[in-house]
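Given next are the chains, with one letter for each unit.
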2 protein chains.
Amino acid sequence: MDSERPDLGAMVMRLGRRLIAMEEPILERHGLTMWAYVVLTALREGPTRTQAALAQSIGADKTRLIPILDDLQKRGLIERDPDPADRRVRLLGLTTEGQRKQRAIQSEIRTAEDDLLEDAADREAFVRALRDLT
Amino acid sequence: MDSERPDLGAMVMRLGRRLIAMEEPILERHGLTMWAYVVLTALREGPTRTQAALAQSIGADKTRLIPILDDLQKRGLIERDPDPADRRVRLLGLTTEGQRKQRAIQSEIRTAEDDLLEDAADREAFVRALRDLT
DNA sequence: TATTGTTATACTCTATAACTATA
DNA sequence: TATAGTTATAGAGTATAACAATA
């Protein structure tokens, strides 16, 4: 391994900030925050049974989720209904409109990512290694 | 490029958090915060002429730097003297002890990073691409 | 008047603790 | 009593604005 390179953490975090800066204008055009998009993307994998489970899966606190879910629900992007079997629990899922929106945003982000990766040799290997590590 | 993968930003940020979690115990053993270590590492590249320039080079606000520099100076890890040619300016550099400390920490971090990268195929390509992108 | 560094203040993000409703 | 969700509050981290020293 190359012995004279910046710390991995520093490089990765710098790239992360760059990617987020790239995504932000896209999200803003769609009127969503980063966390709201993260929620839509997590729900796309499949519906979630409790808000606490969703919070954990995206690395957020359950209390942080609430205003985000309020907004997404108000805008008709998610469903959030009490579980008839245990009315303490809220069943969460994407609406058709929510699915459409998530796909539209992700597609724009993918295009921008591919642009950015153009600069890198070994970009297929980069993405493979990234998947292995996460 | 693989069409069914998580967003690059999500993966990169997740890896970044993992790397930081890995570095934190090392830094704690040395009694330094992440930002203090970032400052030592930036100064290792060579002395800096103004605090504002240092702040910008590490992506921090100049006001955030001040308590960090206060602490590093008090502990004898950096020099911070008014420039005789323009006494508004503080010349910043590592002391011998500061250099020693930075090298010791970086070496420990490198060892831990190499452990973590073991899990990934294509790790040389990964690091190359990461350098290209940052 | 402009610039470097510093201090004081405000703002944003996040987590902790207390509360409501169900079980 | 225990748990899911919610609300209220407090803390950390960060940025903005005002200030002091020097040019």
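Residues numbered from 1 in each chain as written. Chains lettered and ligands numbered in written order. Predicted model: local features only at pLDDT ≥ 70, side-chain atom pairs only at ≥ 80, totals over all residues. Heavy atoms only, no water.

- The name given to chain A in an unreviewed UniProt entry is Transcriptional regulator, MarR family protein, with the source organism recorded as Paractinoplanes toevensis.

## What about the interface of chain A and chain B?
Argument step 1. The interface of chain A with chain B comprises 46 residues on the first partner and 46 residues on the second.
Argument step 2. Between chain A and chain B, a total of about 4,400 Å² is buried, with carbon and sulfur atoms accounting for 64% of that surface.
Argument step 3. Across the contact surface, chain A and chain B share 8 salt bridges.
Argument step 4. A salt bridge links Arg128(B) to Asp122(A); its shortest N-O distance comes to 3.0 Å. (Contact = heavy atoms within 4.5 Å. Buried area = accessible area lost by both parts, 1.4 Å probe. Salt bridge = Lys/Arg side-chain N within 4 Å of Asp/Glu carboxyl O.)

## Here we look at the nonpolar core
Argument step 1. Judged by nonpolar contacts, the single largest core of 76 residues is most densely connected at Phe126(A) and Phe126(B).
Argument step 2. Excluding residues within four positions of it along the chain, Phe126(A) makes contact with Leu15(A), Leu117(A), Phe126(B), Ala129(B), Leu130(B) and Leu133(B). (Core = buried A, V, L, I, M, F, W, Y, C linked by side-chain atoms within 4.5 Å. Buried < 20%, exposed > 50% of the residue type's maximum accessible area, 1.4 Å probe, protein only.)

## Digging into the pairing of strand E1 (residues 78-83) of chain B
All names here are of chain B.
Argument step 1. Bridging between E1 and strand E2 (residues 86-94) involves 6 bridges; their strand directions are antiparallel. Residue pairing across strands places Asp83 opposite Asp86, the latter belonging to E2.
Argument step 2. Taken together, E1 and the strand that follows it, E2, pair antiparallel across an intervening segment of 2 residues. (Pairing = 2+ DSSP bridges. Helix = DSSP H or I, 4+ residues; strand = E, 2+ residues; numbered from the N terminus.)

## A word on the protein's contact with DNA strand D
Argument step 1. Around DNA strand D sit 17 residues in total, of which Gln51(A), Ala52(A), Thr63(A), Arg64(B) and Arg87(B) are the nearest.
Argument step 2. Per the 4 Å cut-off to the protein, sugar and phosphate atoms form 69% of the nearby atoms of DNA strand D.
Argument step 3. In the environment of DNA strand D, a base nitrogen lies 3.4 Å from a nitrogen or oxygen atom belonging to the side chain of Lys62(A).
Argument step 4. Its residues placed into classes, the surface near DNA strand D shows 4 nonpolar, 4 polar and 9 charged. (Near = heavy atom within 4 Å. Polar contact = N/O pair within 3.5 Å; in protein donor to acceptor, adjacent residues only side chain to side chain. Nonpolar A, V, L, I, M, F, W, Y, C, P; charged D, E, K, R; others polar.)

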